[in-house]
Number of protein chains: 2
Amino acid sequence: MDDFIFHNPTKILFGPGRETEIGRELKEAGVGRVLLVYGRNSVKKSGLLARVKDCLKAVGVEFIEHGGVVSNPVLSHVRQGITLARENSVEAVLAVGGGSVLDEAKAIAVGVAADVDVWEFFTGREVTTALPVFTVLTLAASGSEMNGNAVITNEETRQKYNIGTIHVYPKVSVLNPELTHSVSPEYSAYGAVDAIAHLIEAYFTKKPGTHLQDRLVEGLILTIMENAEVIRDQPENAQARATMMWAATLALNGLTPAGVGPYTFPNHMIEHSLSALYDIAHGAGLAIVIPAWMRWYRPQNSEQFDRFAREVFGLDQGEEGITALKKWFKELGCPVTLGEVGIAATDIPAIRDNVYDTAKLWGVDQLYPPAAIEEVLHLTVA
Amino acid sequence: MDDFIFHNPTKILFGPGRETEIGRELKEAGVGRVLLVYGRNSVKKSGLLARVKDCLKAVGVEFIEHGGVVSNPVLSHVRQGITLARENSVEAVLAVGGGSVLDEAKAIAVGVAADVDVWEFFTGREVTTALPVFTVLTLAASGSEMNGNAVITNEETRQKYNIGTIHVYPKVSVLNPELTHSVSPEYSAYGAVDAIAHLIEAYFTKKPGTHLQDRLVEGLILTIMENAEVIRDQPENAQARATMMWAATLALNGLTPAGVGPYTFPNHMIEHSLSALYDIAHGAGLAIVIPAWMRWYRPQNSEQFDRFAREVFGLDQGEEGITALKKWFKELGCPVTLGEVGIAATDIPAIRDNVYDTAKLWGVDQLYPPAAIEEVLHLTVA
C-alpha cells in the first residue's frame, strides 16, 4: 500500500424514477438557474428530458438548454455552452445523458468559471474552480457520474485530451438503471468494455502485491462480465442493468486504485487517438486496443497477468487470460481488430504520432516511445 | 439491486506522518478553535498528541483539550465534553484515537449543536445538525473514520446505543497505519473481528443474489484474514498494517451494503449488550456472538452461508464455514465463549432482556423475540 488521498463527495441517488428528485437537489444546493446539457434525440424521444424539465419547473429552478452534445464531445460545442452559460449567468450545470454529455457539462463548468480558454485546462493548466455539476445518467460506462474526469476532443487539432479535478465531481448524480434498458446491444457491450478498461489500467500497470485492490477489481470484472452476458440476451433485465450501472460507477470512482501507488492509463491513451482520428465509439476502440496492449505489456508484469487469468477465467497462464478476454469481447459483439472498424494498417504511423503526443502530455513518453506505440498498434491488426 | 442513496463525503489522508496535515485541513475549513478529544495514556506516551498539538499551533488553530475517553465511551463523559465545547465556543471537534474516541467526538459534535440532551438522539430523535468532525485514527477496527455512526454507553441505564447520520461523517480523517504498529495483539485481533463483523451483517441478512456486493465483502474478508495473520506474527509489518487499516475503513463506509436492500445488524445488537453490561472489548464480544448467531441463523439463508463457506474457506457446506470461522477467531487469540470472558451462563436472562430493549429500539423485535435472543446466547456458552 502506498500513500493516497481519497475524497469522493458525490451523492448518488440510485433507483427507478429518481430523475424527478434532481430539481429538489438543485434547490437545496441553492441553485436558481442551471445550464441543462443534453445530447440529441434519445432523451427527447424517451420523455426523460421532459420529465427533468418538469421537475425543475416544479421547484422553480430556471434552465437554459444546451442540447446537441455528440459522442466524443467536441471543443467547439463546449465553447458554445460556456458562452451560453455566461450570457445567462447560470449557477450550475445539469447534464442529462451518457458519459459524453457529462464530460461536456464538466468542461463547461470549468470554462465558465475561468478567465482563460477552457482548452488550456486540457493541455496542462490546473483547474482551481468550477460551477457545481449535477447529472442524470443514461448509460453505464464512463464512470463520469462519480469522478472528476472529463475527456473532450479538439476537432481542429484532432486531440482527445482530459482533465481530472476535484472541482467537477458531480454534487449529485441520479442513476436510474431503467434509463439504460433501451441502450442498443452495441453500446451496452461497449459500456461493459469501457468499465473493464477502467479497472485493468491500474491493475496491470501498478506493482504487484496490493491484494485488497486486486480483489476489488476482480470482483467488479466478474460482475460486469456476468451481467453483460445477461444484458446481451435480455436487454430489459432490470437486475442486470442495475448491477451493471453501479459496477460501472465503482469501476472509475477512485476506489480500486486507492493505495496501489503509481500506475498509468495506456489503453485509454492509445484508444483516445483512435476515437479522435476516426470518431469511433470509445468502447469499440478499447476492445481493439486492450488485447493488443495486454499481449505487448505482459512480460513486464507477468505475475499479475497470471493472476488475472486465474481469478477471472480460471486459467493457468497469463497469455491464456488475454486470449480469453479477446474472445469474450468478440462474443459480446465488439470489434477486436482495426480492420473491423475500417481503419487500414497503413494508418498506423499517423495514429502512432497522435498517441505519442498524448504520451508526452501525460509524461509517459519514456515508457511509450513511438516504436513501442507502433508495436502495440501492429498487434491490433489481426 | 435495490434503490439506495450513497453519499460519503469524508476526505481520507492515508499514509505515514499525515497527522501533521490535520491543522492545515482545519484551517482551510475555516475552523479557528477546536475541541481536541482523546483517550488516556497511549496518545501521550507515543508523542502523537504532542505532534497534533504542534501542528495546530503552527497554523494558529486554538484547541481545548477533552482527554480521558474510555473504551465503550460513556454518556457522562460525552456530556462533560459538550459543556466544555460550549463554554469555549469551539467550531469543530478533532478526535485523536481509536473508534471509541471518534464515537465520543461525534456524540459531542451532535450534542453541542442541539438544544436537547444528547442521549435523545441515541434513543430515536433525528439528528439535524452537528459541529464538523475531524479525526486522526490510531486503530483499524470500527470504521468510524469514514461513516456517520457513533455508539455510546449510558452507564446509568446500561444501554449501549448508536446514532447514524450524514452530519457526523468526518470532514477529514487521517489514516496513518504506523500509528497502529504498537496496538497489542489482543486489540489487533479484535479490530480484525470487528471489521469482519461489519461486513457479514448485511451479507448474511440481506436477500441473496446481489453478487457485486457479495464479491466486495468476500474480497475484504479474505484481505482482513490474510493480514490479521501477518500482523499476529509480525506486529510491525507495515504493508499488513496499512492494508488492514484501509480494509477496516471500507468494511463500514457504506460501500458494501449499497444496493442490497433491507438488512439487519444482529451481531452488533447482541454484542452491544455484552459490552454494556460487562465492559468487555467490542471485538472480543463479537468473536463470541458471531459463530453462535451464524449457527442459529443459517437455516434462514442457507444459500448465502454455503456461498460464504465456499468463497472464504473453500469449503462445501455452510456449517463448515461457521466452524472454520470460529476456529480462526480462536487461533487469532479471541475468546469464542462467554465463559472465556468470565460471564456465567446464569446471566443469560439478564443479557437477553438488555438485547431485547435494543431490538425494540431498532424495530427488529419481531425477528428477535426474547426466546430467539436466548437461543443465540445459549450457543455462546460452549
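On a predicted model such as this, the values are computed, not experimentally measured, just so you know.

Draft legend 1. Just the relation of the copies chain B and chain A, in detail. The two copies are related by a screw motion: chain B maps onto chain A through a turn of 180° and a shift of 0.0 Å along the axis, at an RMSD of 0.0 Å. Here the two chains are linked by the operation of a two-fold rotation axis. Residue P9(B) of chain B places its C-alpha closer to the rotation axis than any other residue of that unit, at 2.0 Å.

Draft legend 2. Broad picture of the interface of chain B and chain A. Listed by partner, the interface residues are 26 residues for chain B and 26 residues for chain A. Those elements giving two or more residues to the side of chain B that touches chain A turn out to be β1 (4–6), β2 (11–14), α8 (211–233) and α9 (238–250) of chain B. Top element by residues in the side of chain B that touches chain A is α8(B). It accounts for 8 residues. Both strand β2 (residues 11–14) of chain A and β1(B) contribute to a ladder of 3 bridges, which runs antiparallel. If you follow I12(A) over to β1(B), its bridge partner there is F6(B).

Draft legend 3. Structural view of helix α12 (residues 302–313) of chain B. Residue and element names in this part refer to chain B. Look at α12: 16 Å from first C-alpha to last across 12 residues, which is about the 16 Å you get at 1.5 Å a residue. All buried positions along α12 are accounted for by Q304, F305, F308 and A309. The arc enclosing the buried residues of α12, seen along the axis, measures out at 145°, which places them on a common side. At its buried positions, α12 is contacted by α7 (185–205) and α13 (318–331). Downstream of α12 by one or two residues, G314 has phi in the positive range, about 65°.

Draft legend 4. A look at the pairing of strand β8 (residues 159–164) of chain A. Residues and elements named next belong to chain A. Across 6 bridges, the pairing between strand β7 (residues 149–154) and β8 is antiparallel. Each bridged residue has a counterpart across the sheet, and for T153 the counterpart in β8 is K160. Hairpin connection of β7 to β8: 4 residues between the antiparallel strands, including R158 at a positive phi of 55°.

Draft legend 5. Structural view of the sheet that holds strand β3 (residues 33–38) of chain B. Sheet architecture is open: 7 strands sit in the order β1(A)-β2(B)-β9(B)-β6(B)-β5(B)-β3(B)-β4(B), paired in mixed fashion. With partners counted over all chains shown, the strands left at the sheet margins are β1 (4–6) of chain A together with β4 (62–66) of chain B, one partner each. The mean inter-strand angle of the sheet, taken between neighbouring strand axes irrespective of direction, is 15°. Pairing analysis gives 5 bridges linking β3(B) to strand β5 (residues 92–97) of chain B, with the strands arranged parallel. Within β5(B), the position partnered with L36(B) by the bridge is L94(B). Seen against the sheet, helix α4 (residues 75–87) of chain B touches β3 and β4 of chain B and runs at an angle of roughly 160° to β3(B).

Draft legend 6. Region of interest: the packing of α7(B) against α8(B). Residue and element names in this part refer to chain B. Between α7 and α8, the shortest axis-to-axis distance is 10 Å and the interhelical angle comes to 170°. Classified by the angle between their axes, α7 and α8 sit roughly antiparallel to one another. Within the contact between the two elements, α7 uses P185, S188, A189, A192, A195, I196, L199 and Y203 and α8 uses D214, V217, L220, I221, I224, A228, I231 and R232. Looking at the contact of α7 with α8, its residues break down into 13 nonpolar, 1 polar and 2 charged.

Draft legend 7. Expanded view of the domain arrangement of chain A. All names here are of chain A. Here chain A is described as being made up of domain 1 (11–179) and domain 2 (183–378). With centres defined by C-alpha atoms, the gap from domain 1 to domain 2 works out at 26 Å. Opposite the 21 residues of domain 1 that make contact, domain 2 presents 29 residues. When contributions to the side of domain 1 that touches domain 2 are tallied by element, the ones reaching two or more residues are β7 and β8. Top element by residues in the side of domain 1 that touches domain 2 is β8. It accounts for 3 residues. For the side of domain 1 that touches domain 2, a count of residues per class yields 9 nonpolar, 9 polar and 3 charged.

Draft legend 8. View of the packing of helix α8 (residues 211–233) of chain A against helix α9 (residues 238–250) of chain A. Residues and elements named next belong to chain A. Between α8 and α9, whose axes approach to 9 Å, the crossing angle comes to 145°. Both α8 and α9 take part in a crossing whose hand is left-handed. Listed contacts from α9 to L220, T223, I224, N227, A228, V230 and I231 of α8 are A240, R241, T243, M244, A247 and L250.

Draft legend 9. Seen up close, unusual backbone geometry. All names here are of chain B. Not every positive phi belongs to a glycine, and N72 is a case in point at roughly 50°. If you trace the backbone, N72 turns up in the loop between β4 and α4. The exposure class of N72 is buried, given the 20 C-beta atoms found within 10 Å. If you check the backbone angles, D279 has positive phi at about 55° while not being a glycine. Structurally, the position occupied by D279 is in the loop between α10 (266–278) and α11 (282–297). By C-beta crowding, D279 is classed as partly exposed, having 14 other C-beta atoms within 10 Å.

Draft legend 10. How the structure looks around the sheet that holds β2(A). Taken together, the 7 strands give an open sheet; going across it, the order is β4(A)-β3(A)-β5(A)-β6(A)-β9(A)-β2(A)-β1(B), and neighbouring strands pair in mixed fashion. With partners counted over all chains shown, the strands left at the sheet margins are β4 (62–66) of chain A together with β1 of chain B, one partner each. Strand-to-strand, the axes of this sheet are offset by a mean angle of 15°, without reference to chain direction. Packed on one face of the sheet, helix α3 (residues 48–59) of chain A meets β3 (33–38), β4, β5 (92–97) and β6 (133–137) of chain A and runs near 150° to β5(A).

Draft legend 11. Representation of the pairing of β2(B). Judged from the 4 bridges that link them, β2(B) and strand β9 (residues 172–175) of chain B form a sheet pairing that is parallel. Bridge pairing in β9(B) links K11(B) to V172(B).

Draft legend 12. Quick look at the environment of E218(A). Residues and elements named next belong to chain A. Of note, E218 is situated in helix α8. The sequence separation of E218 and P170 amounts to 48 residues, and the corresponding C-alpha distance is 26 Å. When neighbours within four sequence positions are excluded, E218 is seen to be in contact with E311 and V312.

Draft legend 13. How the structure looks around α13(B). Residues and elements named next belong to chain B. For α13, built from 14 residues, the straight-helix expectation of 20 Å at 1.5 Å per residue is met to within 8% by its first-to-last C-alpha distance of 20 Å. Along α13, the residues classified as buried are G318, G321, I322, L325, K326, W328 and F329. Buried residues of α13, viewed axially, fall in a sector of 160°; they line one side. A positive backbone phi angle near 95° is found at G333, which sits one or two residues after α13.

The rules we used
Residues numbered from 1 in each chain as written. Chains lettered and ligands numbered in written order. Predicted model: local features only at pLDDT ≥ 70, side-chain atom pairs only at ≥ 80, totals over all residues. Least-squares fit on C-alpha atoms with pLDDT ≥ 70 in both. Contact = placed C-beta atoms within 7 Å. Helix = DSSP H or I, 4+ residues; strand = E, 2+ residues; numbered from the N terminus. Pairing = 2+ DSSP bridges. Expected span 1.5 Å × (residues − 1). Buried ≥ 20, exposed ≤ 12 C-beta atoms within 10 Å, placed from the backbone. Arc of directions from axis to C-beta. Axes fitted to C-alpha atoms, helices over the stretch in contact; angles between N-to-C directions. Parallel < 35°, antiparallel > 145°, perpendicular 65-115°, else oblique. Nonpolar A, V, L, I, M, F, W, Y, C, P; charged D, E, K, R; others polar. Domains from an automatic or database assignment. Left-handed = near helix turned anticlockwise from the far one by under 90°.

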